[in-house]
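# An overview of the molecular structure
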Amino acid sequence: MLILQKMLRIIPLSGIILLLVWGQKSFAQENTLEPIAQITGVSQLRDVSPEDWAYEALQGLIEQYDCLSGYPDNNFAGNRLVTRYEFAAALNSCISSIEAQLATRVDEALVFQTEFTILQRLREGFIVELALLRGDTDAVQARVGEAELNQFSTTTKLRGLSVVNVTEAFSDRAILAEGETAFRQQTSTTDATRLVEDSNTTLSYLTWLTFLTSWTGRDNLTLQLAAGNGDSPANSYASAGLFNTFGVPFTDQTSGLEANEVVIRELAYQFPVTEDVQVAIGTKVNWHRYFDYNNFTSAIDGASSFNSRNSTLLNAVERGTGAVVMWNINDQLSLHSGYLEENNEFLSNPPFKRTSNPSEGFFSGTNTITTELTYSPLDNLNLRLLYNRTNFQVIDGQIGGATGKPVVGFAHYPGGELASARANTFSFNFDWLPTSGLGLFGRYGYGNTILAGRDNGQRDLNVQSFQVGLAFPDLLKEGALGTISYLVPFSVLEGRDTLLSGGGDGGVQYELEATYYYPLTDNIALVPAFYWIGNANNFSENPNLYVGNFRAQISF
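Now for a quick tour of the structure. Predicted model, so just to flag it, every value in this text is computed and none were measured.

To continue, consider the overall build of the protein. Of regular secondary structure, the protein possesses 9 helices and 23 strands. For the protein, with 556 residues in total, the buried portion stands at 49%. Partitioning the contacts of the protein with sequence separation of at least 6, the portion at a separation of at least 24 is 68%. Put simply, the protein shows about 25,400 Å² of open surface, and 57% of that area lies on carbon and sulfur atoms.

What follows concerns the pairing of strand S16 (residues 418–435). Looking down a regular strand, the side chains alternate between one sheet face and the other. The pairing of strand S13 (residues 381–391) with S16 spans 11 bridges and is classified as antiparallel. Bridging across to S16, Thr 390 finds its partner in Ala 423. The sheet contact formed by S16 and strand S17 (residues 438–453) spans 15 bridges and is antiparallel. Looking across to S17, one finds that Trp 432 is bridged to Leu 440. Remark: 2 residues form the turn of the hairpin made by S16 and S17, two consecutive strands paired antiparallel.

Throughout the structure, instances matching the rule amount to 9 salt bridges. In this structure, Arg 289 and Glu 266 form a salt bridge, with 2.5 Å as the shortest nitrogen-oxygen distance. Taken together, the residues Arg 289 in the loop between strand S9 (277–286) and helix H9 (306–309) and Glu 266 in strand S8 (residues 263–272) connect sequence positions 23 residues apart. The class of Arg 289 is partly exposed, set by a relative accessible area of 42%. Across the salt bridge formed by Arg 319 and Glu 345, the nearest N and O atoms sit 2.7 Å from each other. One end of the pair, Arg 319, is in strand S10 (residues 319–328); the other, Glu 345, is in the loop between strand S11 (333–342) and strand S12 (367–378), and 26 residues separate them in sequence. Take Glu 345: its relative accessible area is 9%, and that puts it in the buried class.

Now for the packing of aromatic side chains. Each aromatic ring pair is specified by the distance between its two centres and by the angle formed by the two planes. Here the structure, examined in full by the defined rule, presents 13 aromatic pairs. Ring centres of Phe 296 and Phe 441 lie 6.1 Å apart, and the angle between their planes is 45 degrees; this geometry places the pair in the tilted category. Residue Phe 296 is found in the loop between S9 and H9, and its partner Phe 441 is found in strand S17; the two are separated by 145 residues along the sequence. A relative accessible area of 7% means that Phe 296 is categorised as buried.

Tracing the chain through its elements places Lys 405 in the loop between strand S14 (398–400) and strand S15 (410–412). From its side chain, Lys 405 meets the backbone oxygen of Leu 314 in a polar contact 3.4 Å long. Those residues in contact with Lys 405 that lie beyond four places of it in its chain are Thr 312, Leu 313, Leu 314, Asn 315, Ala 316, Glu 318, Thr 390 and Phe 392.

Here 3 strands make up an open sheet; going across it, the order is S14-S15-S20 and the pairing antiparallel. Edge positions in the sheet fall to S14 and strand S20 (499–501), since each of these pairs with one other strand and no more. Within this sheet the neighbouring strands show an average axis-to-axis angle of 30 degrees, counted without direction. Direction of pairing for S15 relative to S20: antiparallel, over a ladder of 2 bridges. Across the sheet, Ala 411 pairs through a bridge with Leu 499, a residue of S20.

Let us look at unusual backbone geometry. The residue after Leu 314, namely Asn 315, is reached through a cis peptide bond having omega -5 degrees. Mapped onto the elements of the fold, Asn 315 is located in the loop between H9 and S10. That bond from Lys 405 to Pro 406 is cis: its omega, 20 degrees, falls within 30 degrees of zero. Positionally, Pro 406 belongs in the loop between S14 and S15. Phi at Asn 456 is positive, roughly 70 degrees, even though this residue is not glycine. Turning to its location among the elements, Asn 456 is positioned in the loop between S17 and strand S18 (458–473). For Asn 456, a relative accessible area of 76% translates into the label exposed. Here the phi dihedral of Asn 537 falls at roughly 60 degrees; this positive angle occurs in a residue that is not glycine. With respect to the helices and strands, the residue Asn 537 is situated in the loop between strand S22 (524–534) and strand S23 (545–555).

Here is what the cut-offs are and how they apply
Residues numbered from 1 in each chain as written. Predicted model: local features only at pLDDT ≥ 70, side-chain atom pairs only at ≥ 80, totals over all residues. Heavy atoms only, no water. Helix = DSSP H or I, 4+ residues; strand = E, 2+ residues; numbered from the N terminus. Buried < 20%, exposed > 50% of the residue type's maximum accessible area, 1.4 Å probe, protein only. Contact = heavy atoms within 4.5 Å. Areas by Shrake-Rupley, 256 points an atom, 1.4 Å probe, with all protein chains shown as cover. Pairing = 2+ DSSP bridges. Salt bridge = Lys/Arg side-chain N within 4 Å of Asp/Glu carboxyl O. Phe/Tyr/Trp six-rings, centres within 6.5 Å; stacked < 30°, edge-to-face > 60°. Polar contact = N/O pair within 3.5 Å; in protein donor to acceptor, adjacent residues only side chain to side chain. Axes fitted to C-alpha atoms, helices over the stretch in contact; angles between N-to-C directions.

Given below as structure tokens:
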């Protein structure tokens, strides 16, 4: 008590005692390097009023000794407990301030020499804590300095993914397929059939480099570069228009018209309009980033084939020019709506129209309007209802292929010339995690394509698809994910005669797929996958087709 009494004679009105409850940041918080605001008047402290017992003491510390700081939000937090480290830092700061002032006020220094000596001894009692604080502060400053020197950008983050695939496909005997399979030849399809005996094992890669730039913390400019050389052996067995569909891992692909070609895969800017509404706009908006998401069918760590990652009937525009509006209605409801004109990196011009071509324009090619409502009644349950309207660009009297969904294959107008085509697609998608180790997921899709002939006639092609699956989060290791799914990618309900390819002999193709994502580290993962395809190409007489894929993924 004697020491405290003498201290009170130097710092008026219980100043040092108040240091014990001073709103100094904790030692752990100091390491976040958040600034402590310097206080020039007690009125700046939002949680201290003139009626408080400590008001005058704080006023004395601030006005006489410039010896007090607060939180960045101008709160004092006087009732918070402090640690010995915090007291040492506060005491040292206050005494240093007093020393600086008394050096210019010699008379007062002589009067309080004895008491000041006591304060110095009190500071010496915390010399160990002060040394540790200085050491930690120096270490933090060194790390910050190194980070500033080596950081990629103050506004841009770089994300990378590189995948190496080993893929094998085989069947019990030859597979029957329709038309040509080569991707470049899909716009000159015939209804001829052919037999495919076998294919060879492939080794391929896919790399994405994604630049994410934000200037406000709520906006985001996405620029993604991609390169790859994959052509899955399963494609050898596919009918025309089914390239990169059944039995093909999503990562086993090229990223442009040519293998190893570096392309801009995505370019879009997302920004807030209000607290609950955001807009994404760009020349290469990735449709799958905003629609038909599922927690267990991500192509990177979930069900991994082209047919499993999203509805097989969506979307004719994978990436396109346009905009998407996202509205978070409340904690349980969100609504996304968008318009996209095709601007796919896999399509050549001609014959496909591009929005940058002044003779074609923004609305003349294949385009889609999409609206999706997501309802999450529970934290672990998501229900999604989606409607998609498609207007097709007709090429050589037919539609289909890369920009043909919900048509899987190629369609024309039987007995005449196709003038125009449009489609309405409805989809339901859900994922549910009833327990920590078991998830359920599924999709259902229905597509109605209206084919209008130049004779003013009209034909309908109606199809459906569905998928059900089980997911096993943290299987054998935290962060791992196993999935098993059964799906029917393209079942023709009406209008099979409108199909040049993809319709088969009336059979219904089905698939059983299993994928296991196993993270070795935070940045390296191994992913084996196996796909079993029955009635391939919708031919009931086709034997089973088997596809095995093993991939290594490196991300940063």
